[in-house]
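# Close look at the chain arrangement
Letter by letter, the chains look like this.
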Amino acid sequence: MRFDLTVTVREQAGKGAARSMRRGGKVPGVLYGQGECLLLTIMPDDLKKILKSQAGSTALISLTVTGAKAKPSRTALLRDYQVDPVSGAVLHADLFEISMDKAIRVKVPVHLIGGMPAGVKEGGVLHHNARELLVECLPAALPDNIEVDASALNIGDGIHLKEIAKREGVRFMDDPDIMVVSVAAPMSDAKLEALLTSAAGPAAEPEVMAKGKEAAVGAEGAPGAEPAKAGAAAPAAAGADAKAGDKKDAGKEAPKAEKKEAEKKK
């Protein structure tokens, strides 16, 4: 699809100039590519027509550039744009200039045709796995979209990129084995419940609380780490006292034995 768009070259740049343009009901834009970069002023109504079209990013735009020193007529693609999330007004637009005799790479949207797939009618779930495909072609051969007929898909079936009919002059750049669209079997209630239960699992006790509990148990005399060490030290200390007592008793008995020996000699 092709659109006509008239734009004007602007000299002022920066956020202040862009705000002034928006207050005046115009959209600031940039045209780059082909070794040149131009600041543009765009009328919002003409730009919205392109954005609302089904082609969108794949639309060829015939530009009439007012105020350009050279090449007043050019061809471009709408590469990117920004929209105000509240008002919906277009805040900025980036246009990419192309040459009609050079191949370009563009992401093209995938449109499913043929009505509801057979597998979906039986309760299956449709998965639109690839909503865009990267293609390489000359600008004149650029398709607005890639149509894929998914009406014959049963549960468990799918269409890979390599199974899509090729268009003349258009080359797919993605992996041929990627799944573009598929129909999966519905998940049973029992399987869903089991999945949710396993995902939730038992609540793990916080590590800090667990450590605090162990310390409390140990303090009460249970087999905690700290009380065990204290208990082991107590018997050792008792044993040391017993040995000390033996030595004291032995010291008391020694003088008595020496006196008896001396009396025998006399």
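This one's a predicted model, so the numbers in the text were calculated from it and none came from an experiment.

With that settled, consider the overall build of the protein chain. In terms of helices and strands, the protein chain carries six helices and 13 strands. Considering the protein chain as a whole, with its 266 residues, one finds that 28% of them fall into the buried category. Contacts in the protein chain between residues far apart in sequence, at least 24 positions, make up 65% of those at least 6 positions apart. Carbon and sulfur atoms make up 55% of the accessible area of the protein chain, which amounts to about 17,500 Å² in all.

Here we take up the confidence of the model for the protein chain. A residue-level look at the protein chain finds 73% of positions with pLDDT of 70 or above and a mean pLDDT of 79. Confidence over residues 215–254 falls short of pLDDT 50; this stretch has five contacts with residues more than four positions distant or in other chains.

Right, let's talk about the sheet that holds strand 1 (residues 2–9) for a bit. Paired through their backbone hydrogen bonds, the strands of a sheet run either parallel or antiparallel. One closed barrel holds the six strands; their spatial order is 1-3-2-6-5-4, and the pairing between them is mixed. Each neighbouring strand pair of the sheet contributes to a mean axis angle of 45°, computed without reference to strand direction. With three bridges joining them, strand 1 and strand 3 (residues 36–42) adopt antiparallel strand pairing. Residue pairing for strand 3: threonine 8 is matched across the bridge by threonine 41. This element, helix 1 (residues 15–23), spans strand 2 (27–33), strand 3 and strand 6 (90–98) of the sheet and lies at about 125° to strand 2. Sheet contacts for helix 2 (residues 44–52): strand 1, strand 2, strand 3, strand 4 (60–66), strand 5 (73–83) and strand 6; angle to strand 1, the most-contacted strand, approximately 150°.

Let's shift gears to the nonpolar core. Core analysis: the largest hydrophobic core is formed by 24 residues, its most contacted members being Leu133, Leu142, Val148 and Ile164. Those elements that provide at least two residues to this core are strand 7 (104–113), strand 9 (132–137), strand 10 (146–149) and strand 13 (179–184). It is strand 7 that contributes the most residues to this core, four residues altogether. When neighbours within four sequence positions are excluded, leucine 133 is seen to be in contact with Val106, Lys107, Val108, Val110, Ile146, Leu161, Ile164, Phe172, Asp174 and Ile178. Counting 19 residues, the second-largest nonpolar core is a separate cluster that includes Val27, Ile61, Leu63 and Leu95.

This brings us to the sheet that holds strand 9. The sheet built from four strands is open, its strands ordered 10-7-9-12 with mixed pairing. Here the strands that pair on one side only, and so sit at the sheet edges, are strand 10 and strand 12 (171–172). Taken together, the two bridges between strand 9 and strand 12 define a ladder with antiparallel strand orientation. Residue valine 135 lies in a different strand from strand 12, and its bridge partner there is phenylalanine 172.

Tallied over the entire structure, the rule returns one aromatic pair. Above the ring of phenylalanine 96, the side-chain terminus of arginine 79 is found at 4.5 Å from the ring centroid.

Residues other than glycine seldom take positive phi values, yet glutamine 34 does so here, at roughly 60°. Considering the arrangement of structural elements, one finds glutamine 34 in the loop between strand 2 and strand 3. Residue glutamine 34 is classed as partly exposed on the basis of its relative accessible area of 42%.

For helix 2, the complete set of buried residues consists of Pro44, Leu47 and Ile50. For helix 2, the angular spread of the buried residues around the axis is 120°, confining them to a single face. Of the exposed residues in helix 2, the ones pointing more than 90 degrees away from its buried face are Asp45, Lys49 and Lys52.

Reading the values: the criteria
Residues numbered from 1 in each chain as written. Predicted model: local features only at pLDDT ≥ 70, side-chain atom pairs only at ≥ 80, totals over all residues. Heavy atoms only, no water. Helix = DSSP H or I, 4+ residues; strand = E, 2+ residues; numbered from the N terminus. Buried < 20%, exposed > 50% of the residue type's maximum accessible area, 1.4 Å probe, protein only. Contact = heavy atoms within 4.5 Å. Areas by Shrake-Rupley, 256 points an atom, 1.4 Å probe, with all protein chains shown as cover. pLDDT = per-residue confidence, 0-100. Pairing = 2+ DSSP bridges. Axes fitted to C-alpha atoms, helices over the stretch in contact; angles between N-to-C directions. Core = buried A, V, L, I, M, F, W, Y, C linked by side-chain atoms within 4.5 Å. Phe/Tyr/Trp six-rings, centres within 6.5 Å; stacked < 30°, edge-to-face > 60°. Lys NZ or Arg CZ within 6 Å of the ring centre and 35° of its normal. Arc of directions from axis to C-beta.

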